[in-house]
Amino acid sequence: MKWRHVFPKTTGWGTVSVFLVTLLILPTIFLMVRVFQPASENWKHIREFMLKDYMVDTLTIAFWTGVFSVAVGTTLAWLVSAYQFPFRKTLKWALLMPLAIPPYIGAYTYHGMLSYTGVIQRTLRDTFQLDLHQKYFDIMHIPGAVFIFTIFLYPYVYAITRAFFASQATSLIENARILGSGSLRTFFKVVLPVSRAAIVAGVSLVVLEVLNDYGVVSYFGIQTFSTAIFQTWFSFGDLDAAIKLAGILMGIVILVLIIEKWLRGRRKFSYSTTKVKPLKPTELYGWKKAVAVGYAGIIFILGFLLPVIQLSYWAVLTFDQIFTKAFVSYIWNSTFTAGVSAVMVVVVAILVANYTRMARGIVPAVTARLTVLGYSIPGAVVAVGVIGFFIFLDEQIKKILAAAGASPALMLSTSIFMLLFAYVIRFMAIGYNSIESGFEKVGMKFTEASRTLGMSWTETFFRVDLKMIRPAIFSGFILVFVDILKELPLTLILRPFNFETLSTMAYRYANDEMIQESALASIFIVMVSGIAMYIFHILIEKEPN
Amino acid sequence: MYVNISDLCFDYPGTKQKTVADFFLHMQEGEVISILGESGSGKSTILRLIAGLEQPCKGTIKVGEKVFCGAGGAFLPVEKRGLGMVFQDYALFPHMTVEANITFGLKRWKRSERKARLEEMLGLISMEEYKRRYPYELSGGQQQRIALARALAPKPSLLLLDEPFSNLDAHLQQRIRDELRETIKKTGTTTIFVTHDQEDARVLADRIVMVKGGTIQQVGKACEVLKETVTKQRVPVEA
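The shown structure was predicted, so the numbers you read here are calculated from the model rather than taken from an experiment.

1. Remarks on the overall build of chain A
Of regular secondary structure, chain A possesses 25 helices and 2 strands. Taken against the 2.2 N^0.38 rule, which gives 24 Å for 545 residues, the C-alpha radius of gyration of chain A at 25 Å falls within 12% of a compact globule. Taken over the C-alpha atoms alone, chain A extends approximately 80 × 60 × 50 Å along its principal axes. Once local pairs closer than 6 in sequence are excluded, the contacts in chain A between residues at least 24 apart make up 83%. Working note: accessible area of chain A is about 25,200 Å², and carbon and sulfur atoms make up 68% of it. Within chain A, the 30 negative side-chain charges are centred at a point lying 14 Å from the centre of the 46 positive side-chain charges.

Right, dumping it as C-alpha cells:
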C-alpha cells in the first residue's frame, strides 16, 4: 500500500476536512467508549425490569410501521406511475406532502380530533346521534403509533419507489405487458422484485425515523428506547445508564443497516442502457377508476389535508392568545438555530465533499463515509453522546483554568453551541448528500480545465466550482433548515435553560393537554416544510432525466 | 530535446496491472505528436499524467527547463506547469462568456495585455464578434475553437488535446481538423494529442505513438506507422 493511495496530497483541504469530520465523530467515539464502563444501580434496575419492554415496544412499532409503509408506499407509487385516473397529476406530488407534518404533530392532532370534545366524536354525537364507547377513539397505544408513523412516513417509500419506476422499470414492465401479464401479476412478479433495492432503501429510512422519534411515543405513553433515554437522563440524571441505553439503540440501528444491505444484496439494478423513458400510464375505467381515486385520495386526506385543516382551525381559534411577543421569539429561536446550523452544515459539507472528490485514497473514502454516519444515529443517542462529550470538555477546561488560578466564565455544556453542534452531526448527511450530488453532476472537467489554466485548487473552487454547485448548496441548505425546524428530541435534551423553539413549544402545549394552543406553532412548521417540499417537487420535475 | 518523458508508470489504487507502463517520449520544440490507441489503451491517462492531473508512481517528465515530475517524488502541481489543454467535451465554463473563458488563464497579465491577447486569440479563430456570448449560445465547432483559444491564450509551453474531434459531427470533423492544424502551426506550439482515429493522426501529427495496454507499440511518422498497421491488420483477413 502506497502512502499516496492512503492520504493523497490536497494542500490544506485534506487536513481541514479530516479535522472537521474527526470533531463530528468524537461524541460517537466518546459514547462507544463509555458504553463499556461499569454499570450503575439504575442500569441494573433498567436491565432487570424494563429493558425487555423497551426492546419489544421499539421493535414492534418499527417492524409494523415498516410493513405498512411498504404496503401503502409501493401501491401508491405503482398506482400513480402505471395508471391514468382523475387528479393523478395533483396526487403525484400531493402524496408526498404528509412528510411536511412531523409525526409528533400528527399524533397530537389525531388525538385532539378523536378526543371526546374533538371534531369526530362531536359530529357523530350532534349530527348522527351516535354516542360510541371511548375505546373506539383511543389511539394512544402501539397500533395507534404505528398508524401515525405509517401515515406520515410512508412517503419515503413512495418517493424512492416512484423515482425508480420512472427511471428504470419501464422496459421491464412493458415487456411483461407484451408477454400477456395482467396488472396484478406484473405488480407482484415484476415490479416488486425489481424494485426491491428501492423499497428497502425507502423502508430503512422509515425505520430509522421511527427509532429516532421521541414525540409520538412519549405523548402516547409508550416505553421505547428514546423515552427511556430521556427518563434516565432527566429523571435520574444518570448519564452512564443513558449511554448504555443509547448504545443498545445504536446496536439496533446497526442491525437495521446490516439487514438493509443484506436485503438489497447485489440487486442494484443498474442497467446497461442509459436511455430512460417514462412509463406510459394505462387509463382506468369504471369501478377501478373510483377505487384508484378513492384509495389515493383517502391517504392524502388522512396524511395531510385533515390534520392541516384541523391545525389551521385551532390556530385561528387561539391566534390572539398565542401570537404574542414570546411567540415571535420562538419563531426567531427556531429560524436562528436552524439557519446557523444549516450554514455550518453546508460549509462543512462543501469542504469535505470537495476534498473527497479531489482526492482518491483510503482517507478521503473513509472521511466521506463518516460524514454521513450521523443521520442513521437517533437524535436521543446523538444527544447523549454530545452531552457526555461536552461535560467532559467542561471538566478539562475547569481543570486547566483552576491550574491557572481562574474560574470558567462559560460552561460549554449549558450553551446554545452544544445544540448547534448536535444539529450539525445529526443533519450533516442531508447537506453532504445534496452537495456531493451537485459536484457529481458537474463532474471534474471544469475543475481540471481551470487547473490547467493555472488556478490552484482553492482559486478553482471559488472561481468555478462554487458557482456551478449553487443549486445544490441552496437545496442542501433548505433541506437541513426544514429538518432542524421540525426536530424535537435533540432540541428537548440539549437546549439551554428557558430556550424554546416552535417544536418544543408545540410539544410542551400538547403535553399539557393544550392541543389547540399547540396548533399555531405546528402549522407554522408544517407550512414552511410544505412550501419547501413543493419547491423541491417542482425543481425535480423540471430536471431532465 | 524539448519534451523528455521517460520510464513513466501509473496505476490506479486497488488495481494490480499498471495502466501506463514504461512510457517514454522525446519531442522537439514545435512538433505535433499523436498518441493513437483504442479505448482503454491508457492514452488519455498519459495525457493526464503530463498535465499533472494524475501523479505517476514512477518516471520523469521534463518540458523545456521545467521538471514536472522526477526523482525523489518531485511533483509540480498542474497549475504551475504552464500547459494548455483542450478537453474532449471542451469544458468551457458555462457561467462565463467567451471573453471570460479565454482570459481565464491570464490572471497575472496586465489589463491592457490581457485585452490585446483576447483580440489576438479571437482573430486567430475568426470569432471576434462572439466574445459576449455564452458557451450554450455556440455550435459544437465554435465551442471547440473557443476551447482551443482558451488553451493557447496563456502561451503554453505544451498544448495537450484529448480526443478533440470526438464531439463533432462527421461533416464538421474534416474542416475543424484542417483549421486546428493551421492554428497550431501558425502559433508554433508543441502539441500532443490523443485520438483513436487514424485519420486524425494522419492529418495532424508529425509523428505517431501507438499505445496498447499502457505501453508503446510503435513510434514513427504517420506514413510508416499507419502503413504497417494497415498491412498487419490485413494479414489475417487475407489468410
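After presenting the structure, the write-up continues.
2. Description of the pattern of salt bridges
Applying the stated criterion across every chain, the model contains 21 salt bridges over all chains. Between A:Lys44 and A:Glu41 there is a salt bridge, with its nearest N and O atoms 3.8 Å apart. With A:Lys44 and A:Glu41 both in helix α3 (residues 41–82) and 3 residues apart, this pair spans about one turn of that helix. Residue A:Arg495 pairs with A:Glu500 through a salt bridge whose shortest N-O separation is 3.3 Å. Look at A:Glu500 and you get buried, because its relative accessible area is 12%. Among the charged side chains, a salt-bridge network with shared partners connects A:Glu448, B:Arg48 and B:Glu54.

3. What about the packing of helix α16 (residues 325–358) of chain A against helix α22 (residues 470–486) of chain A?
All names here are of chain A. The contact between α16 and α22 brings their axes to 8 Å, and the two run at 140°. Here α16 lies oblique to α22, going by the angle between them. Crossing of α16 against α22: the hand is right-handed. Between α16 and α22, the residues in contact are Ser-334, Thr-335, Ala-338, Gly-339, Ser-341, Ala-342, Val-343, Val-345, Val-346 and Ile-350 and Ile-473, Gly-476, Phe-477, Val-480, Phe-481, Ile-484 and Leu-485, respectively. A class-by-class count of the residues in the contact of α16 with α22 yields 12 nonpolar, 5 polar and no charged.

4. Remarks on the packing of helix α18 (residues 379–403) of chain A against helix α19 (residues 416–442) of chain A
Residues and elements named next belong to chain A. For the pair α18 and α19, the least separation of the axes is 10 Å and the interaxial angle reads 135°. When the axes of α18 and α19 are compared, the pair comes out oblique. Relative to α19, α18 is oriented so that their crossing is right-handed. For the pair α18 and α19, the contacting residues are Gly-379, Val-382, Val-386, Ile-387, Phe-389 and Phe-390 in the first and Phe-417, Met-418, Phe-421, Ala-422, Ile-425 and Arg-426 in the second. Broken down by class, the residue content of the contact of α18 with α19 amounts to 10 nonpolar, 1 polar and 1 charged.

5. Thoughts on the pairing of strand β10 (residues 215–220) of chain B
Residues and elements named next belong to chain B. Two strands pair when backbone bridges link them, and strand β9 (residues 207–212) and β10 are joined in this way by 5 bridges, in the antiparallel orientation. Bridging from a neighbouring strand, Lys-212 pairs with Thr-215 of β10. The antiparallel hairpin formed by β9 and β10 contains 2 residues in its connecting segment, where Gly-213 sits at a positive phi of about 55°.

6. Focus on the interface of chain B and chain A
Taken together, the 29 residues of chain B in the interface contact 21 residues of chain A. On the chain B side of the contact with chain A, B:Glu79, B:Phe104 and B:Lys107 bury the most area, a combined 25% of that side's loss. Our count for the chain B to chain A interface comes out at 4 salt bridges. As a salt-bridge pair, B:Arg48 and A:Glu448 come within 2.5 Å of each other at their nearest N and O atoms. Across the contact surface, chain B and chain A share 6 residue pairs in polar contact (both at pLDDT 80 or more). Listed by contribution, the elements that provide at least two residues to the side of chain B that touches chain A are β6 (83–86) and α4 (140–152) of chain B. A class-by-class count of the residues in the side of chain B that touches chain A yields 18 nonpolar, 3 polar and 8 charged.

7. Focus on the nonpolar core
A:Leu95, A:Leu494 and B:Phe23 are the most contacted members of the largest nonpolar core, which totals 209 residues. Among the domains, domain 1 (1–82 + 156–239) and domain 2 (91–155) of chain B are the pair contributing at least three residues each to this core. Once you skip the residues sitting within four places of it in the chain, A:Leu494 turns out to touch A:Ala383, A:Val386, A:Ile387, A:Met418, A:Leu419 and A:Ala422.

8. As for the packing of aromatic side chains
Following the criterion strictly, the structure yields 35 aromatic pairs over all chains and no others. When the ring centre of A:Tyr509 is taken as origin, the NZ or CZ atom of A:Arg508, which lies over that ring, is 5.5 Å away. Its end group placed over the ring of B:Phe75, B:Arg81 keeps NZ or CZ at 4.9 Å from the ring centre.

9. Section: the sheet that holds β10(B)
All names here are of chain B. A sheet is described by the order of its strands in space; here 6 strands give the open sequence β6-β7-β8-β3-β9-β10, paired in mixed fashion. Among the strands making up the open sheet, the edge pair consists of β6 and β10. Geometrically, the sheet is characterised by an average inter-axis angle of 20° between neighbouring strands, direction not taken into account. Sheet topology places strand β3 (residues 32–36) next to strand β8 (residues 191–195); 5 bridges connect them, and they run parallel. Across the sheet, the residue bridging to Ile-35 is Val-194, located in β8. Contacts between α4 and the sheet are confined to β6 and β7 (158–162), with β6 contributing the most and set at about 170° to the helix.

10. Remarks on a nonpolar patch on the surface
Residues A:Phe63, A:Trp64, A:Val67 and A:Phe68 make up a contiguous nonpolar surface patch of about 390 Å² in total accessible area. With respect to the secondary-structure elements, A:Phe68 resides in helix α3.

11. A look at the side chain of A:Ser503
Structurally, A:Ser503 can be placed in helix α24 (residues 502–511). With residues near it in sequence (within four places) discarded, A:Ser503 still touches A:Tyr104, A:Leu485, A:Lys486, A:Glu487, A:Leu488 and A:Ile525.

12. Some words on the domain arrangement of chain B
Residue and element names in this part refer to chain B. For chain B, the assigned domains are domain 1 (1–82 + 156–239) and domain 2 (91–155). Counting residues at the interface gives 15 residues for domain 1 and 10 residues for domain 2. Both faces combined, the contact of domain 1 with domain 2 buries some 1,000 Å², and carbon together with sulfur accounts for 71% of it. Counting the contacts that link domain 1 with domain 2 gives 1 salt bridge. Note that Glu-179 is salt-bridged to Arg-145, the shortest N-O span being 3.7 Å. Inspection of the domain 1/domain 2 interface yields 1 residue pair in polar contact (both at pLDDT 80 or more).

Here is what the cut-offs are and how they apply
- Every chain is numbered independently, its residues counted from 1 as its sequence is written.
- As a convention, the first chain written is A and the first ligand written is 1, with the rest following in written order.
- Selection of residues for local features in this predicted model requires a pLDDT of at least 70, selection of side-chain atom pairs for listing and counting requires 80 or more, and totals for whole chains, interfaces and linings are taken over all residues.
- Hydrogens and water are ignored here; the side-chain numbers use all heavy atoms of the structure.
- Numbered from the N terminus, helices here are DSSP runs of H or I no shorter than four residues, and strands are runs of E no shorter than two.
- Atoms considered for the radius of gyration are the C-alpha atoms alone. The globule rule reads 2.2 Å times the number of residues to the power 0.38.
- Two residues form a contact once any of their heavy atoms are found within 4.5 Å.
- The Shrake-Rupley method, run with a 1.4 Å probe sphere, supplies the accessible areas, and residue values consider only the shown protein chains as cover.
- His is not counted here, nor are the chain ends, while Lys and Arg score as positive and Asp and Glu score as negative.
- Think of each charge as sitting on NZ of Lys, CZ of Arg, CG of Asp or CD of Glu.
- Salt bridges are defined by distance alone: a side-chain nitrogen of Lys or Arg within 4 Å of a carboxyl oxygen of Asp or Glu.
- Exposure categories follow from relative accessible area, calculated using a 1.4 Å probe and restricted to protein chains: below 20% of the type maximum is buried, above 50% is exposed, and the middle band is partly exposed.
- Note on geometry: axes are C-alpha line fits, over the in-contact stretch for helices, and angles between N-to-C directions span 0 to 180 degrees.
- Roughly parallel here means an angle under 35 degrees, roughly antiparallel means over 145, roughly perpendicular means 65 to 115, and every remaining angle is called oblique.
- Here a crossing is called left-handed whenever its near helix is offset anticlockwise from the far helix by less than a right angle, and right-handed whenever the offset is clockwise.
- Each residue is assigned to one of three groups, with Ala, Val, Leu, Ile, Met, Phe, Trp, Tyr, Cys and Pro labelled nonpolar, Asp, Glu, Lys and Arg labelled charged, and all others, Gly among them, labelled polar.
- At least two DSSP bridges between two strands are required for those strands to pair.
- What counts as buried area is the accessible surface, traced by a 1.4 Å probe, that two parts surrender upon association, with contributions from both included.
- Pairs of N or O atoms are called polar contacts if they sit within 3.5 Å, as long as, within protein, a hydrogen donor faces a hydrogen acceptor (for residues adjacent in sequence, only side-chain-to-side-chain pairs).
- Joining through side-chain atoms within 4.5 Å is the link that ties buried Ala, Val, Leu, Ile, Met, Phe, Trp, Tyr and Cys residues into a set, and such a set is a nonpolar core.
- Boundaries of every domain are those given by an automatic assignment or by a domain database.
- The criterion for an aromatic pair is that two Phe, Tyr or Trp rings (for Trp, the six-membered ring) have centres within 6.5 Å, with stacked assigned to planes under 30 degrees apart, edge-to-face to planes over 60 apart and tilted to the rest.
- Two limits define a charge over a ring: the Lys NZ or Arg CZ must be within 6 Å of the ring centre, and within 35 degrees of the ring normal.
- A patch is a set of surface residues, each over 30% in relative accessible area and not in a salt bridge, joined within 9 Å for like charges and within 5 Å for the nonpolar side chains Val, Leu, Ile, Met, Phe, Trp and Tyr.

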